[in-house]
Amino acid sequence: LRVPDVDFSPEFTISGHWVLVTTGASTTDAMLAAIAAGSAPRPLAHSPRYADCQRRLQGQGVPSVQVYADLETLLQQAEASLKDLPEASEAAPKVTQVLDILGLRGAKAFASVTRYDGMETAARSILLTEGPRTGLLKLLAGGNDPIPLAGVGKDAHQIGVARYDLAGFWDLARQVIE
């Protein structure tokens, strides 16, 4: 989905305790004006959803990388910005279809943390959703079965484990093609 005449080049600005990553000088100026006026966005520390993600991702060691995205707000902003596009009537159904295929309708937040405990580095991620999984997210097969690590060699440096519903992938692919 192309957004006409919009420059998405990021602009980085440091002001006081704020690091802003914006797209375009007017956005940066608006954010700096809001900070100066005392109406800046609330820090993430005040967000119950952010606190919930941090609680779920606690672990040993010092965090070296943390990522957080309020997906619900991002999706609301993306859908709202469609109304301003000249091709809104054509774009909106396509965006809705993409969100449904990806299963992002009920997505609330994504968080990830990488920690180093002095011996090992471990990364954990969480995707908070509301309601049943749909689209591609439905294909991530959950479960409480232990991960079979017995076959991993003692000299292995890295391992990745995931569970997917491959039969469900074909069903979803057929829906997309039709």
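Residues numbered from 1 in each chain as written. Predicted model: local features only at pLDDT ≥ 70, side-chain atom pairs only at ≥ 80, totals over all residues. Heavy atoms only, no water.

## Some words on the nonpolar core
One broad trend across soluble globular proteins is that nonpolar side chains are buried collectively.
Alright, step 1. Residues Tyr 50, Cys 53, Leu 57, Tyr 68, Ala 109, Ala 111, Val 113, Ile 126 and Leu 128 constitute the largest nonpolar core, which totals 9 residues.
Alright, step 2. Those elements that provide at least two residues to this core are α2 (48-56), β4 (107-116) and β5 (121-129).
Alright, step 3. Leu 82, Leu 85, Ala 91 and Leu 99 belong to the second largest nonpolar core, which has 6 residues in total. (Core = buried A, V, L, I, M, F, W, Y, C linked by side-chain atoms within 4.5 Å. Buried < 20%, exposed > 50% of the residue type's maximum accessible area, 1.4 Å probe, protein only. Helix = DSSP H or I, 4+ residues; strand = E, 2+ residues; numbered from the N terminus.)

## Observations concerning a nonpolar patch on the surface
Alright, step 1. Together, Val 98, Leu 102, Leu 136, Phe 169 and Trp 170 give the surface a local cluster of nonpolar side chains, amounting to about 460 Å² of exposed area.
Alright, step 2. Breaking the nonpolar patch down by element, the ones donating at least two residues are α4 (88-102) and α6 (166-177).
Alright, step 3. With respect to the element layout, Leu 102 can be found in helix α4. (Patch = residues over 30% accessible without salt bridge, like charges linked within 9 Å, V, L, I, M, F, W, Y side chains within 5 Å. Areas by Shrake-Rupley, 256 points an atom, 1.4 Å probe, with all protein chains shown as cover. Salt bridge = Lys/Arg side-chain N within 4 Å of Asp/Glu carboxyl O.)

## As for the sheet that holds strand β3 (residues 62-69)
Hydrogen bonds between backbone groups are what pair the strands of a sheet, and the pairing can be parallel or antiparallel.
Alright, step 1. Here 3 strands make up an open sheet; going across it, the order is β3-β4-β5 and the pairing antiparallel. Only two strands of the sheet have a single neighbouring strand rather than two, namely β3 and β5. For this sheet the average axis-to-axis angle between neighbouring strands, irrespective of direction, equals 10°.
Alright, step 2. As paired strands, β4 and β5 are joined by 9 bridges and run antiparallel to one another. Bridge pairing in β5 links Arg 115 to Ala 122. (Pairing = 2+ DSSP bridges. Axes fitted to C-alpha atoms, helices over the stretch in contact; angles between N-to-C directions.)

## Concerning the environment of Ala 92
Alright, step 1. As for its placement among the helices and strands, Ala 92 is situated in helix α4.
Alright, step 2. We classify Ala 92 as partly exposed; its relative accessible area is 30%.
Alright, step 3. Measuring from C-alpha to C-alpha, the distance between Ala 92 and Leu 82 comes to 6.6 Å, with 10 residues separating the pair along the chain.

## A look at the side chain of Arg 115
Alright, step 1. Along the polypeptide, Arg 115 turns up in strand β4.
Alright, step 2. What makes Arg 115 buried here is its relative accessible area of 13%.
Alright, step 3. Polar contacts involving the side chain of Arg 115 include one to the main-chain carbonyl oxygen of Leu 57, which spans 3.4 Å.
Alright, step 4. Apart from residues no more than four positions distant in its own chain, Arg 115 is found in contact with Leu 57, Gln 58, Gly 59, Gln 60, Gly 61, Val 62, Pro 63, Ser 64, Glu 120, Thr 121 and Ala 122. (Polar contact = N/O pair within 3.5 Å; in protein donor to acceptor, adjacent residues only side chain to side chain. Contact = heavy atoms within 4.5 Å.)

## A few points about the pattern of salt bridges
Alright, step 1. Going through the model one piece at a time under the given rule, you end up with 7 salt bridges.
Alright, step 2. Put simply, Glu 72 and Arg 49 hold a salt bridge, and the shortest N to O gap is 2.9 Å. With a gap of 23 residues between them, Glu 72 in helix α3 (residues 71-82) and Arg 49 in helix α2 connect regions that are remote in the sequence.
Alright, step 3. Note on Glu 72: relative accessible area 22%, which makes it partly exposed.
Alright, step 4. A salt bridge links Arg 55 to Asp 52; the nearest nitrogen and oxygen atoms lie 2.5 Å apart. In this pair, Arg 55 and Asp 52 are both assigned in helix α2, 3 residues apart and thus about one turn of the helix distant.
Alright, step 5. Here the residues in one salt-bridge network are Arg 49, Asp 70, Glu 72, Lys 108 and Glu 130, joined through shared partners.

## Regarding the pairing of β4
Regular strands place their side chains on alternate faces of the sheet.
Alright, step 1. Counting buried residues along β4, 8 of its 10 residues qualify, which places the element largely inside the surrounding structure.
Alright, step 2. Examined bridge by bridge, β3 and β4 share 7 bridges and lie antiparallel to one another. The residue of β4 that forms the bridge with Val 67 is Ser 112.

## Quick notes on the confidence of the model for the protein chain
Alright, step 1. Looking at the protein chain as a whole, the pLDDT averages 76, with 84% of positions reaching at least 70.
Alright, step 2. Of all helices and strands in the protein chain, the one with the weakest mean pLDDT is strand β2 (residues 18-23) (69), whereas β4 scores best (88). (pLDDT = per-residue confidence, 0-100.)

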